[in-house]
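A look at the structure
As a plain string of letters, each chain reads:
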Amino acid sequence: MKNPFRGTWQRALLRPLIYMATNRFLAALALLLLYNRFLASPLALPGSAAVLLALAFALAAWLVYLRMDGAHIPRMKNVRFRRRKDPLRNYTDISDHIDDAPPTADDLEDDERDLISLLSNLFCLAIFAVLSFFL
């Protein structure tokens, strides 16, 4: 089994990692608060929803790890329609792109995106596992 972490991490991946982890954490926290407000029964354990969210993040991290290791879900081939090619226009200079923002998760390669997704899932897993003890 190859090590999926070796040679993939770069300093430029820190910002997309923080953005992805923050978005996932806030979405899960909103789900947790909605569950506690509308669906929680008085007989349920107080931290049960946080435990379920931690398990969901553990499952998501495991699936991303399997994808990084080479396991893929077979899918049907996409039907692609012919599209007219855009003409090649190169009117800009490299000096126009010096102050560009760091890459987002959409701009990254597949292995970098998988690594960021795995680390953000593990981060959210740790936070909700700790929260389940305090709720």
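Residues numbered from 1 in each chain as written. Predicted model: local features only at pLDDT ≥ 70, side-chain atom pairs only at ≥ 80, totals over all residues. Heavy atoms only, no water.

1. Some details on the pattern of salt bridges
Scanning all chains against the criterion turns up two salt bridges. In this structure, Asp114 engages Arg67 in a salt bridge whose closest nitrogen and oxygen atoms are separated by 3.0 Å. On the criterion of sequence distance, the pair formed by Asp114 in helix 3 (residues 110–134) and Arg67 in helix 2 (residues 48–69) is long-range, its members being 47 residues apart. Here Asp114 falls in the buried class, since its relative accessible area comes to 13%. One salt bridge connects Asp110 with Arg113, and the closest N-O pair in it is separated by 3.2 Å. (Salt bridge = Lys/Arg side-chain N within 4 Å of Asp/Glu carboxyl O. Helix = DSSP H or I, 4+ residues; strand = E, 2+ residues; numbered from the N terminus. Buried < 20%, exposed > 50% of the residue type's maximum accessible area, 1.4 Å probe, protein only.)

2. Some details on helix 1 (residues 14–39)
Its 26 residues place the ends of helix 1 36 Å apart at the C-alpha level, agreeing with the 38 Å of an ideal helix rising 1.5 Å per residue. All buried positions along helix 1 are accounted for by Pro16, Leu17, Met20, Ala21, Phe25, Ala28 and Leu32. Taken together, the buried residues of helix 1 touch helix 2 and helix 3. (Expected span 1.5 Å × (residues − 1). Contact = heavy atoms within 4.5 Å.)

3. Considering the nonpolar core
Judged by nonpolar contacts, Phe25, Ala28, Leu32, Ala49, Leu53, Ala54, Phe57, Cys124 and Phe128 together constitute the single largest core of nine residues. Elements with a minimum of two residues in this core: helix 1, helix 2 and helix 3. Of all the elements, helix 2 adds the most residues to this core, at four residues. Contacts of Ala49, omitting those with residues within four sequence positions, involve Leu32 and Tyr35. (Core = buried A, V, L, I, M, F, W, Y, C linked by side-chain atoms within 4.5 Å.)

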